[in-house]
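# A structural walkthrough
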Amino acid sequence: MNVRTILAGNWKMHKTAAETAAFFDAFLPRVAPIPAEIEIVVAPAFTSLQLAGEFLSGTRVRLGAQTMHWELQGAFTGEVSAPMLRALGVSHVILGHSERRAYCDETDRTVNLKVRTALAQGLTPIVAVGETLDERRAGATDERVLSQTRAAFEGVPEADLSKVAIAYEPIWAIGTGQSCEPDEANRVMATIRHAIDGLGGTPILYGGSMTASNVASYVRCSDINGGLVGGASLDPEGFAALIERAVPVSS
Ligand code: 13P
C-alpha cells in the first residue's frame, strides 16, 4: 500500500512568537519547491500557534499542536481544546508524547480519549509510542509499543485508522544523539503496523535524534513513512535540508 510521507517538527518548549516569525521567514521559501505529496507539519508551542497559523495560511505547510484536552470546553484550567486549535488553523495534534507521559500524567487512557476527540473534531492525531531504555534492555520493546498502540486506538473504527499517524519514538533516542538503527526501527514499526487491523495505510513516523544526515536511511525502509523531529526542526535551514533529503529520488 502506498502510504503518504509526513515530516513533522515538534518544537517542544522552544521559540517565542518573534522567533517563530523569524523561522517561517527563512523556512517557507526553502520548502516551497518540495513535492506536494510530502506532508510537512510544524508544531510550535501554544503561544505561537496563532502567529504560525497566519504565516502558514495558503502555504503547503500544515500547523500542528503538541497536545490538547479531550473535552471540548469546560473548567479545565490551563488546558486547550480541539475547537480552539481548529479555529487557529491547526490540522494535526501530537498525542501521547513520551515527555507528556513522563511529566504531565498522560496515560494510555487519556491518549485514547484525546485520539477519539481529535478524530471527531477533524484533527489528525500523531500518536507517539515508544519504550524506555530499561524496557529495551529487558526485551520488552514490542510488548510496550503493542500495548500503547492498542490502547490508543481502542474503540476507534477501522475506517478512521487511515486518518491517524503514529510516531515510534524510542525514549532513549530522544534528544540524545543516539538514534535507533534504521533496520531495528523498521522492525518495531512493522510490529506496530500489525498491532491492530486497519493500520496498513497509516503513516508511521520515526522519532529520536533524526537529522538531515540520517533521515534518508530511515525513509527508505519499508515501514517508515517519515519522521517526528525535535531538535533538528528548530533551525529553518536545517529542517528544510532534512525534508529535502527525505524526498524519494524518483519524485
Ligand atoms: P529529537 O529529534 O530532539 O530527538 O526529539 C524527538 C522527539 O521527541 C520528537 O517528538
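Quick look at the structure, then. (Residues numbered from 1 in each chain as written. Predicted model: local features only at pLDDT ≥ 70, side-chain atom pairs only at ≥ 80, totals over all residues. Heavy atoms only, no water.)

## Re the side chain of T110
Of note, T110 is situated in helix α5 (residues 108-120). Among the polar contacts made by the side chain of T110, one reaches the main-chain amide nitrogen of T107 at a distance of 2.9 Å. Discounting chain neighbours no more than four positions away, the residues touching T110 are W70 and D105. (Helix = DSSP H or I, 4+ residues; strand = E, 2+ residues; numbered from the N terminus. Polar contact = N/O pair within 3.5 Å; in protein donor to acceptor, adjacent residues only side chain to side chain. Contact = heavy atoms within 4.5 Å.)

## Topic: the site of the ligand
Every one of the 13 residues lining the ligand counts as a neighbour, but K12, H97, E169, G175 and S209 are closest to it. The backbone of G175 places a nitrogen or oxygen atom 2.6 Å from an oxygen atom of the ligand. Residues of the shell around the ligand, tallied by class, amount to four nonpolar, seven polar and two charged. (Near = heavy atom within 4 Å. Nonpolar A, V, L, I, M, F, W, Y, C, P; charged D, E, K, R; others polar.)

## A few points about the pairing of strand β1 (residues 5-10)
Counting buried positions along β1 gives six out of six residues, so the element sits mostly inside the fold. Neither face of β1 is open: one carries T5, L7 and G9, the other I6, A8 and N10, and all of them are buried. Of the strand pairs in this sheet, β1 and strand β2 (residues 38-43) are connected by six bridges, and their pairing is parallel. Within the sheet, the bridge partner assigned to I6 lies in β2 and is E39. In this fold, β1 hands off to helix α1 (residues 17-31), which returns the chain to β2; that crossover is right-handed. Here β1 runs beside strand β8 (residues 226-229); their pairing, made up of four bridges, is parallel. (Buried < 20%, exposed > 50% of the residue type's maximum accessible area, 1.4 Å probe, protein only. Pairing = 2+ DSSP bridges. Right-handed = clockwise from strand over helix to strand, strands pointing away.)

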